[in-house]
Amino acid sequence: QVRLVESGGGLVQAGGSLRLSCAASESVFRFNGMGWYRQAPGKQRDVVATITTGGSTNYGDSVKGRFTISRDNAKNTVYLQMNSLKPEDTAVYYCNVLKGLNVYWGQGTQVTVSS
């Protein structure tokens, strides 16, 4: 099974920046795609950003222009650079991998944006 470990969450003031990391247990080239999702209390888990093995990216409407997903193939790691953070971005952020027909999730990391 694929193991995913997120890190980099924390507390930041509105307008600040934060970078999340997701380290995978195997080469990212074995994955159909990787991504970041988030879930706030009482809300659905929504897509934040995704990246394919070919490097194509997609973003949720609420984060376009502010967040950037990237990948370091040598480190088997995907990143989420979050800029211009808003209180509405407060959520648990989860790393996600699609491998074949299987979906894998990390344990999540808390991001809290204060106003």
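A brief look at the structure comes next. The structure presented is a predicted model; accordingly, all values stated were derived computationally and were not measured. (Residues numbered from 1 in each chain as written. Predicted model: local features only at pLDDT ≥ 70, side-chain atom pairs only at ≥ 80, totals over all residues. Heavy atoms only, no water.)

Some details on the sheet that holds strand β8 (residues 77-82)
Basically, it comes down to this: DSSP calls a pair of strands paired once it identifies at least 2 bridges connecting them. Working definition: helices are DSSP H or I runs of at least four residues, strands are E runs of at least two. Numbering for both runs from the N terminus. Only the contacting stretch of a helix is used when fitting its axis, a line to C-alpha atoms as for every element, and angles between N-to-C directions run 0 to 180 degrees.
The sheet built from 4 strands is open, its strands ordered β1-β3-β8-β7 with antiparallel pairing. Each having just a single partner strand, β1 (4-7) and β7 (67-72) make up the two edges of the open sheet. Pairwise comparison of adjacent strand axes, ignoring direction, gives a mean angle of 15 degrees for this sheet. Note that strand β3 (residues 18-24) and β8 share 6 bridges and pair antiparallel. Bridge pairing in β8 links C22 to V78.

A word on the environment of S7
This is how it is decided: Per-residue accessibility, obtained with a 1.4 Å probe over protein chains only, is compared with the maximum for each type, and a residue is labelled buried under 20%, exposed over 50%, and partly exposed between these values. By definition, residues are in contact when any of their heavy atoms lie within 4.5 Å.
Locating S7 in the fold gives a position in strand β1. Given the relative accessible area of 38%, S7 is considered partly exposed. In contact with S7, other than residues within four places in its own chain, are R19, L20, S21 and T109.

Observations concerning a nonpolar patch on the surface
Filter applied, for reference: For patch detection, residues must exceed 30% relative accessible area and be free of salt bridges, and they are connected within 9 Å for like charges or within 5 Å for nonpolar side chains (Val, Leu, Ile, Met, Phe, Trp, Tyr). Surface exposure here means Shrake-Rupley accessible area, sampled with a 1.4 Å probe, where a residue is shielded only by the protein chains that are shown. Note on definitions: salt bridges are taken to be side-chain nitrogens of Lys or Arg within 4 Å of carboxyl oxygens of Asp or Glu.
Together, L98, V103 and W105 give the surface a local cluster of nonpolar side chains, amounting to about 250 Å² of exposed area. Note that W105 resides in strand β10 (residues 102-105). Looking at W105, the relative accessible area reads 36%, which means it is partly exposed.

Considerations on the pattern of salt bridges
Once their charged atoms are close, side chains differing in charge can pair, the charge on each being opposite to the other. Per the counting criterion, the structure on display carries 5 salt bridges. Here R66 ties to D89 by a salt bridge, and the two come within 2.8 Å at their closest N and O atoms. Of this pair, R66 sits in the loop between β6 (57-59) and β7 while D89 sits in the loop between β8 and β9 (91-99); the two residues are 23 residues apart in sequence, bridging distant segments of the chain. An identical accessibility class is assigned to R66 and D89; each is buried. One network of salt bridges, in which partners are shared, links E26, R30 and K99.

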